[in-house]
Amino acid sequence: MKKVLTILLVLTQTLAWSQDNYCGTEMSEDQMTWLRNWQLENLSIAGSTREDDIIYVPLKVHVVGNDEGGGYISLNILMQDICDLNDQFAPTGFYFYIYEGINYINNSDYYNHDWLNGAYMMSENNVANVVNMYFVGDPAGNCGYFSPSGNAMAVANACAGIGNSTIAHELGHFFSLPHTFYGWEWGTPSLSEQEQVDGDNCVFAADGFCDTPPDYAPYRWNCSGPPTFTDPDGVEFQPDGTYYMSYSNDECTDKFSPLQQEAMIANINGPRDELLAYDPIVITDVDTTTLLFPEDLQENLFSNYAELSWASVENAEAYIVLVSLTVNFTAIAASIYTTDTSAIITNLLPEKTYRWKVKVVGEGNTCEGYNTYRTFSTGAETFSPTSIEDIDGTAAMQLYPNPVALGGMVNVTVDGQMDGQWQVRMMDITGRQVMNSTETMAQGRLQLEMPATQAGMYIIQLSNGDKFFQSAIQVN
Ligand SMILES: [Zn+2]
């Protein structure tokens, strides 16, 4: 018992420590050279070539979980984050949109990663010519970082809550912005490199932006009690905590400076112009949906097999289903991103009351609200199919052999022979998840290894963000 306690304590300390370091970004020499040159040519914004056009930026969202598919960031928070991000970047004209759905990755080494595994994660999963962002448990002990060599960002789920500015901060790095306290990350810079309050050395010292005042605080600080510093001229000052690129608390920050904005615009039109190669998206309004099944207050749903359905909505790109034990949806039991108009929830508790609602996601639009929630309750009885026909197979998915031997290989095919990446989930008849992984279908077929320990009926679900298939298999 004592040993368990010790391990728990160590774990707690590690986790508490892990987000102490706000940002792990080290800007590359290439980035800094580009920025310094741009700054020398753009000492003020008088020569701005700024247009009012919206710059659409494709954002590839990678949601990373552990090996068992646990620990994902809540989709509700993620959608709100992207919505807020577009408010934060509105003065810059950047509009981020989810590029081709969400990529789920289940890998414990990536979920809580060190620098090396973070590099592997990025090189294995980055999509070319878009902005890649990974939502993980622990990004190498930081709240987040941008890796110039990996050319992607990793953000801790715990630092990506609603109202965060970590995502905007890391994107600032991605588009060439250093910290406002640049140079102080590695100790006290020489006097000539310490930015003066009078602005005399603002072009050369620190971040090189003359419209961001001196900042010597390379640690988390709260704007309600800012630290006081003395500049090389002996002038006392307090840093400005409203900049996203500072380390002040998230709730203090609300801006990029005009020159920071201009630099990011020049960056996307220069070294990052591959991001501009896409057709502009059309930001679509979407209505809320109508929940179809179950009826409000319906009782005795199977906790291991609750099917929920809702009406299709015009212009919908996807739907997000949330199931929660609480009326304010703080305790999320299930959060599913789907292009389908139904979902089967397999991980509920028996004899509990749940609320559920569905958010409609339109192209470039993650901001619309949910419908009013409905309530249902689960019964004591769980779903235990006695025959394969009991499960509403779509008949468009074939499994063979079926039955299959314990630990045997089963071949999966679907109508249309849709090659590519599929999210595969397998549940036993109690609803317990025994597999959740990404598999590749090639030449219309993918192979799965069945559990080796327990015979019985299993449910296999395949989804690729566009199509959903489900069928049952008997393991003997
Ligand atoms: Zn940073």
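Given the structure is predicted, the values throughout are model-derived calculations rather than measurements.

Chemist: What should I look at first to understand the coordination of the zinc ion in this one?
Modeler: The textbook angles at a metal center are 109.5 degrees for a tetrahedron of four donors and 90 or 180 degrees for an octahedron of six. The coordination sphere of the zinc ion contains the protein donors C23 (SG), H169 (NE2), H173 (NE2) and H179 (NE2), at a distance range of 2.0 to 2.2 Å. Classification of the site at the zinc ion as tetrahedral follows from its four donor atoms and the range of 99 to 120° in their angles at the metal. In terms of primary sequence, the donors binding the zinc ion are separated according to C-x145-H-x3-H-x5-H. Assessed through its relative accessible area of 1%, H179 is described here as buried.

Chemist: Looking at this structure, I do not really get the packing of aromatic side chains. What am I missing?
Modeler: Each aromatic ring pair is characterised by the separation of its centres together with the angle its planes make. All told, the structure shown has 23 aromatic pairs when counted by the stated rule. Each ring, one from Y56 and one from Y95, has its centre 6.1 Å from the other, and the planes form 65°; the classification is edge-to-face. A residue pair is termed long-range when its members are at least 10 positions apart, and Y56 in strand β2 (residues 55–65) and Y95 in strand β3 (residues 94–106) qualify at 39 residues. Grouped by ring-pair contacts, the aromatic residues F89, F94, F96, F146, F174, F175, Y244 and F256 constitute a single cluster. Note that R220 overlies the ring of Y22, its terminal NZ or CZ placed 3.7 Å from the centroid. Lying across the ring of Y370, K357 places its NZ or CZ 4.5 Å from the centre.

Chemist: Would you mind going over the sheet that holds strand β13 (residues 306–310) with me for this structure?
Modeler: Hydrogen bonds between backbone groups are what pair the strands of a sheet, and the pairing can be parallel or antiparallel. Reading across the sheet, the three strands line up as β11-β13-β16 and stay open at both edges, with antiparallel pairing between neighbours. For this open sheet the edge positions go to β11 (291–293) and β16 (342–345), each flanked by a neighbour on one side alone. Neighbouring strand axes in the sheet, compared pairwise and without regard to direction, differ in orientation by 30° on average. Bridge count for β11 against β13 is two bridges, and the pairing is antiparallel.

Chemist: I would appreciate a short explanation of the pairing of strand β21 (residues 420–428) in the present structure.
Modeler: Taken together, the eight bridges between β21 and strand β22 (residues 433–441) define a ladder with antiparallel strand orientation. Bridge pairing links Q423 to T438 in β22.

Chemist: Is there a simple way to explain the sheet that holds strand β15 (residues 332–338) in this structure?
Modeler: One open sheet holds the five strands; their spatial order is β12-β18-β17-β14-β15, and the pairing between them is mixed. The open sheet terminates on both sides in strands that have one partner only, identified here as β12 (298–301) and β15. Ignoring which end each strand starts from, the neighbouring axes of this sheet average 30° apart. Sheet analysis places strand β17 (residues 353–362) next to strand β18 (residues 374–378), joined by four bridges and oriented antiparallel.

Chemist: I'm lost on the nonpolar core in this one. Help?
Modeler: A general tendency of soluble globular proteins is for nonpolar side chains to be buried together. In terms of nonpolar packing, the biggest core is built from 52 residues, with L78, F94, L171 and F175 touching the most fellow members. Three or more residues apiece are contributed to this core by two domains, here domain 1 (2–177 + 256–276) and domain 2 (291–378). Excluding residues within four positions of it along the chain, L171 makes contact with L85, F89, F96, V131, M133 and M153. Counting residues in hydrophobic clusters, the runner-up holds 21 residues, among them V412, M435, L448 and F469.

Chemist: What's the story with helix α2 (residues 29–41) in this structure? I'm lost.
Modeler: Three or four residues apart is the spacing at which side chains of an α-helix point the same way, because the helix has 3.6 residues per turn. Over its 13 residues, α2 runs 19 Å from end to end, which matches the ideal 18 Å to within 8%, given 1.5 Å per residue. Within the span of α2, buried status applies to Q31, M32, L35, W38 and Q39. Each buried residue of α2 sits inside an arc of 130° when the element is viewed along its axis, so together they form one side. Away from its buried face, by an angle of more than 90 degrees, α2 presents the exposed residues E29, D30 and E41.

Chemist: Just to check I follow, could you spell out the state of the cysteines for this structure?
Modeler: One covalent bond between the sulfur atoms of two cysteine residues makes up a disulfide. A complete count under the given rule lists four disulfides for this structure. The disulfide partner of C83 is C367, and the gap between their sulfur atoms is 2.1 Å. On the sign convention where negative is left-handed, the bridge of C83 and C367, at about 120° about the S-S bond, is right-handed. Taken together, the residues C83 in helix α3 (residues 75–88) and C367 in the loop between β17 and β18 connect sequence positions 284 residues apart. Residue classification places C83 among the buried residues on the basis of a relative accessible area of 10%.

Chemist: I would appreciate a short explanation of the confidence of the model for the protein in the present structure.
Modeler: In low-pLDDT segments, the atomic positions of the prediction should not be examined closely. Here the protein averages 88 in pLDDT, and 91% of its residues register 70 or above. This model gives residues 1–18 a pLDDT under 50, and the stretch forms four contacts once residues within four places in sequence are excluded.

Chemist: Would you mind going over the environment of Q417 with me for this structure?
Modeler: Within the fold, Q417 resides in the loop between β20 (409–414) and β21. The spatial distance from the C-alpha of Q417 to the C-alpha of G444 is 4.0 Å, given a sequence separation of 27 residues. With sequence-adjacent residues up to four places away left out, Q417 is seen in contact with Q443 and G444.

Chemist: What exactly am I supposed to notice about the domain arrangement of the protein here?
Modeler: Often, the extent of an interface is quoted as the loss of accessible area upon association of its parts. If you check the domain split of the protein, you get domain 1 (2–177 + 256–276), domain 2 (291–378) and domain 3 (388–475). Of the residues lining the interface, six residues belong to domain 1; the matching set on domain 3 comes to five residues. Across the interface of domain 1 and domain 3, roughly 310 Å² is buried in total on both sides, 19% from carbon and sulfur atoms. The three residues of domain 1 that bury the most area against domain 3 are E68, Y104 and N106, which together make up 73% of that side's buried surface. Linking domain 1 with domain 3 are zero salt bridges. On inspection of domain 1 and its partner domain 3, the count reaches two residue pairs in polar contact (both at pLDDT 80 or more). Looking at the side of domain 1 that touches domain 3, its residues break down into two nonpolar, two polar and two charged.

Chemist: It is not clear to me how the packing of α2 against helix α7 (residues 258–268) should be interpreted in this structure. Could you clarify?
Modeler: When two helices pack together, their arrangement is given by the angle between the helix axes and the distance between those axes. Taken N-terminus to C-terminus, the directions of α2 and α7 make an angle of 120°; their axes are 11 Å apart at the nearest point. The pairing of α2 with α7 is recorded here as oblique in orientation. Considering how the two elements wind past one another, α2 and α7 form a crossing that is right-handed. The residues of α7 that touch α2, namely those facing W34, L35 and W38, are L259, E262, A263, A266 and N267. Of the residues assigned to the contact of α2 with α7, the class counts are six nonpolar, one polar and one charged.

Rules of the game
Residues numbered from 1 in each chain as written. Predicted model: local features only at pLDDT ≥ 70, side-chain atom pairs only at ≥ 80, totals over all residues. Heavy atoms only, no water. Donors = N, O, S within 2.8 Å, 3.2 Å for Na, K, Ca; no water. Tetrahedral: all angles 85-135°; square planar, octahedral: opposite > 155°, others 65-115°. Buried < 20%, exposed > 50% of the residue type's maximum accessible area, 1.4 Å probe, protein only. Phe/Tyr/Trp six-rings, centres within 6.5 Å; stacked < 30°, edge-to-face > 60°. Helix = DSSP H or I, 4+ residues; strand = E, 2+ residues; numbered from the N terminus. Lys NZ or Arg CZ within 6 Å of the ring centre and 35° of its normal. Pairing = 2+ DSSP bridges. Axes fitted to C-alpha atoms, helices over the stretch in contact; angles between N-to-C directions. Core = buried A, V, L, I, M, F, W, Y, C linked by side-chain atoms within 4.5 Å. Domains from an automatic or database assignment. Contact = heavy atoms within 4.5 Å. Expected span 1.5 Å × (residues − 1). Arc of directions from axis to C-beta. Disulfide = S-S within 2.5 Å. pLDDT = per-residue confidence, 0-100. Buried area = accessible area lost by both parts, 1.4 Å probe. Salt bridge = Lys/Arg side-chain N within 4 Å of Asp/Glu carboxyl O. Polar contact = N/O pair within 3.5 Å; in protein donor to acceptor, adjacent residues only side chain to side chain. Nonpolar A, V, L, I, M, F, W, Y, C, P; charged D, E, K, R; others polar. Parallel < 35°, antiparallel > 145°, perpendicular 65-115°, else oblique. Left-handed = near helix turned anticlockwise from the far one by under 90°.

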